[in-house]
Structures are given as structure tokens and as C-alpha cells.
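Chain residues, written in single-letter form:
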Amino acid sequence: MSDRKGRGMAEVLPFPACDIGTDGKITSASRRIGEVFLYDEIEGQDFFALTGFDFGQLAGLAKDGESAVVRRNDRSFSMTPVFTDGESADGGISVSFTDITEYVELENRYEREKMCIAILNIDNYDELISSTNRDDRAALESAIDKQIRFWGQKMQASVTKSEQNKYVLIFEHKAYEEQARSNFSILDDAREIETEADFPVTFSIGIGIGGDSPGQSDTYASDALAVALGRGGDQVVVKEENTISYFGGKTQTVEKGNKGKSRIIGVAMKRLIETASSVVIMGHKSPDMDSFGSALGVFRMAIPMNKNTYILVDEYNEALEALYSAAKQSGDYNLISSRNMKGMKREGMLVIVVDTHRPSMTECPELLDEADKVVVIDHHRKAEESIENPSLQYQEPYASSTAELITEILEYTIDRKQLTKLEVEALLAGI
């Protein structure tokens, strides 16, 4: 098509449009092009200089049948390029503009006002209170409550104290963006609160954003909090669909010793088990005393929550035969194989992996991709191959065994009298 024909088309179009030659210069334009570009003489101007889009980018958009958004004169326009000759860029490109300012502003307003849900946990609350003189406890609780509510006030959030050590805050996305820019200064403010304990006040915060419903955003927040607790507390974890972001985590240990972390992990594990439809516990292939003993310990932890809980074992060696047979004969444990898993519902399933973090070493690697959530408890040093994005991971090479880690977790999650003689012996054998 000739330039003349191109110019004739642009001149009669009833909306802002222009034709671009192969050299990237504007060859003609419609009368309404002034709505986009405030120039008296637009012809001959370089399109890239005006919009930031060169001829190659326009050709790519035209080929794919796509549009792009440009901002000019405090207005937003949808820019749609098409080949002038209908076939290739050799004949130039025609670009039309549609004013979408109101739509963009509405979209931006939606993003700014999108609801975010935060669940704030006061780390080591029981230890914090017990370490404080009885006469001063009310003052300490008041100082913590005041700090949290002041933070909520700055975000114009609703603040609800749901438990002694837990708050729920609801606020707009623009407030979250401000907090993210400041790296959530609430974490630093918490550590400034004076206490009589030998460790500072710290918060773990899980934030859920972008759920299809308030309930889903609340689930995101719960999942994020579990991750924050699992990573040692004193941090903010944000979950938005498939994206997780981390802020803070400056305190090296939330409580003196590793048992404090075990308590936090135990709380997080209980939360994940409570929200699961079923629980499958599995260790590594050809399980040893550590792997199987740890599995029995986790099974005992899950029993009070009345979930369908199973221990997955396919094959075992002679060293485990006596313990496995005793567990099976007791009738207290749901021992299954990978073959039994084929018809089991995966939705809402929680898989707890013990004594390994390498997918290829687990009894049923494919289950890791099919399950809703995965927890990893292991004492081995992290290998190059590892389970990706677990909901909770407790990996401590300091421990002699995974059974040691499970034993510490059980101290904070069940009454020790609930453990059977078989479970105690299995954990001890694992250690």
C-alpha cells in the first residue's frame, strides 16, 4: 500500500490514529491525534521519542494481535498497532489509540483498596509473661497491645485481638505497600519494648493478599504465619497466590536454645494438621529407626486432631522388622503403602516428610507434587536436591537425629503421658 493511501486512511478515522513508516517516523495522522500528542505538526516525528516504542516492538505487537498502554498528557491510552498492508511490517504500521484513563484509574483504585489480612503472633508469649514480675505483667501486656494498635491505626486497619498472643488486622493494599517500603518497622518497634526477660519482644506476622474471597486471603495469612514461625519468628511473611515475600528476621534466636524454635515449629505443625483433610507421614526409602520412630511420634501428635492420618512405608530391612511388626500388631497406626495411595483424595492433604529433604529419597516422590501442603523435618545438612517450597521446614543439622527434633516438638504439643511405650522406645532408638 502506498504512503498516499495510508495518509488518506489516517485522515478520515474518527479516533486518534497515525501511520508509522519503516523508519519509525509518523507519516500521517487523524485529526484527533491531538488528544494523544500535543503537537501542531506530528508528521515526521519519531514515534519512539514520543512513546518509547520502536518500530520492532510495534511489529511484534501487531503480529501477536496485542495492545500496549501508553501514558500521555495525564491520560492513559490503549495503543493497538496493525500492519498497514494487512500482512507484514514492510508496508508500515497503523496505530490507533483508545482512551482508557477511567478504566486504569478504577483498576489502580481497586489495587490500592484491595483487602489484606494480617495475623500477628506475639512470639514466646508464655515465656515472656512468666519471666515478668506478676505486678508488672499487666503493664507489659498493655505496652504490647498499645504498640500493635498504634501500628494498626497508622494503616487505618481494623484490629481484633483473637487470642492472648494473637491479633488479626484488616487493611488496604496501599497500607501494605507503605509498610513494605519501610521493611515493616513494627518489628523494630516491638524489640524496643522494655521487658524483664532475657530476650526481646518479637512478632511473627503472616499477611494474605489477593484471595478470591476474604476466606481465601485469611487462609493465605495463616499459611504465611506458619512459614514465619517455621523460619524462627521475628519476621513478616506475605503470601499472594503463588508468591511469597519475606521481611525482617533480624533477631538471631527468638528464644535461648533450640527448644524455643521447637515450640514454634510445633505450633505451626498443629495449625497445618488442624486445617488438613488428611495427613500422610513418610520418611526415606528403606526407613531406619530414626525415620520410622519419627513417623510414629508425628502420628501421635496428629491423633488428638481427629484427622485421617497414615504412615507410608513400602519396604523395610531386617533391622526395622521387629519395630514395624510391633506397630502393625498394635493396631494403633494406619500403615499403608504407595499402592494404597492411588485412590486417596489429594485435596487438602498434608504430607509430613521426616528424616530426609531430598524428594528422590522419599517413599513416594510424586505425592509431594500432588499434596496440598508439605512439611519437612530433617537433621541432615541441606543437599543440592531438596523439596521445593514446603509450607513448613525444620532442618537442624545440630541435632543427632530427626527423632530428637520430633521429641522436642512433642514436648510442646502433647502431654507426655499420651506417648505409648512403643513410641517412646522408637524415638529413643532413633536418637
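For clarity, every value in this text was computed on a predicted model and none was experimentally measured. (Residues numbered from 1 in each chain as written. Predicted model: local features only at pLDDT ≥ 70, side-chain atom pairs only at ≥ 80, totals over all residues. Heavy atoms only, no water.)

The subject of this paragraph is the environment of Glu107. Here Glu107 lies in helix H4 (residues 101-113). Separated by 111 residues in the primary sequence, Glu107 and Asp218 have C-alpha atoms spaced 23 Å apart. (Helix = DSSP H or I, 4+ residues; strand = E, 2+ residues; numbered from the N terminus.)

Our next topic: the sheet that holds strand S1 (residues 17-20). One open sheet holds the five strands; their spatial order is S2-S1-S5-S4-S3, and the pairing between them is antiparallel. Across the chains shown, the open sheet's two edge strands, defined by having one partner strand only, are strand S2 (26-29) and strand S3 (68-72). Adjacent strand axes in the sheet meet at a mean angle of 30°, parallel and antiparallel pairs treated alike. Where S3 meets strand S4 (residues 75-83), five bridges bridge the pair, whose relative direction is antiparallel. By the bridge assignment for S4, Val69 is matched with Ser78. Helix H3 (residues 55-64) contacts S1, S3, S4 and strand S5 (93-99) of the sheet and is inclined by roughly 75° relative to S4. (Pairing = 2+ DSSP bridges. Axes fitted to C-alpha atoms, helices over the stretch in contact; angles between N-to-C directions. Contact = heavy atoms within 4.5 Å.)

Another point: the environment of Gly44. Topologically, Gly44 is positioned in the loop between S2 and helix H2 (47-51). Each residue touching Gly44, except ones within four places of it in the same chain, is listed here: Lys25 and Ile26.

Quick look at the sheet that holds strand S8 (residues 166-172) now. One open sheet holds the six strands; their spatial order is S7-S8-S6-S9-S10-S11, and the pairing between them is mixed. At either margin of the open sheet sits one strand with a lone partner, and together these are strand S7 (158-163) and strand S11 (243-248). On average, each strand axis in the sheet is inclined to that of its neighbour by 20°, with strand direction left out of account. Relative to strand S10 (residues 235-240), strand S9 (residues 203-209) is paired through six bridges, and the arrangement is parallel. Residue pairing for S10: Ile205 is matched across the bridge by Val236.

For the protein chain, the mean per-residue pLDDT works out to 88, and 94% of the residues sit at or above 70. This stretch, residues 1-8, has a pLDDT under 50; its non-local contacts, to residues over four places away or in other chains, come to nine contacts. pLDDT under 50 marks residues 252-257. Its contacts with residues more than four places away, or in other chains, come to 13 contacts. (pLDDT = per-residue confidence, 0-100.)

Time to look at the side chain of Gln395. Within the secondary structure layout, Gln395 lies in strand S17 (residues 392-395). Separated by 3.3 Å, the side chains of Gln395 and His357 make a polar contact. Here His380 takes part through its backbone oxygen, which lies 2.9 Å from a polar atom of the side chain of Gln395. Contacts of Gln395, omitting those with residues within four sequence positions, involve His357, Asp378, His380, Arg381 and Lys382. (Polar contact = N/O pair within 3.5 Å; in protein donor to acceptor, adjacent residues only side chain to side chain.)

Where a strand is regular, its side chains alternate between the two sheet faces. Side chains of S1 alternate between two faces, with Ala17 and Asp19 and Cys18 and Ile20 buried alike. Bridge count for S1 against S5 is four bridges, and the pairing is antiparallel. Along S5, the bridge assignment pairs Ala17 with Ser96. Relative to S2, S1 runs antiparallel, the two being bridged by three bridges. What sits directly across from Cys18, in S2, is Ala29. (Buried < 20%, exposed > 50% of the residue type's maximum accessible area, 1.4 Å probe, protein only.)

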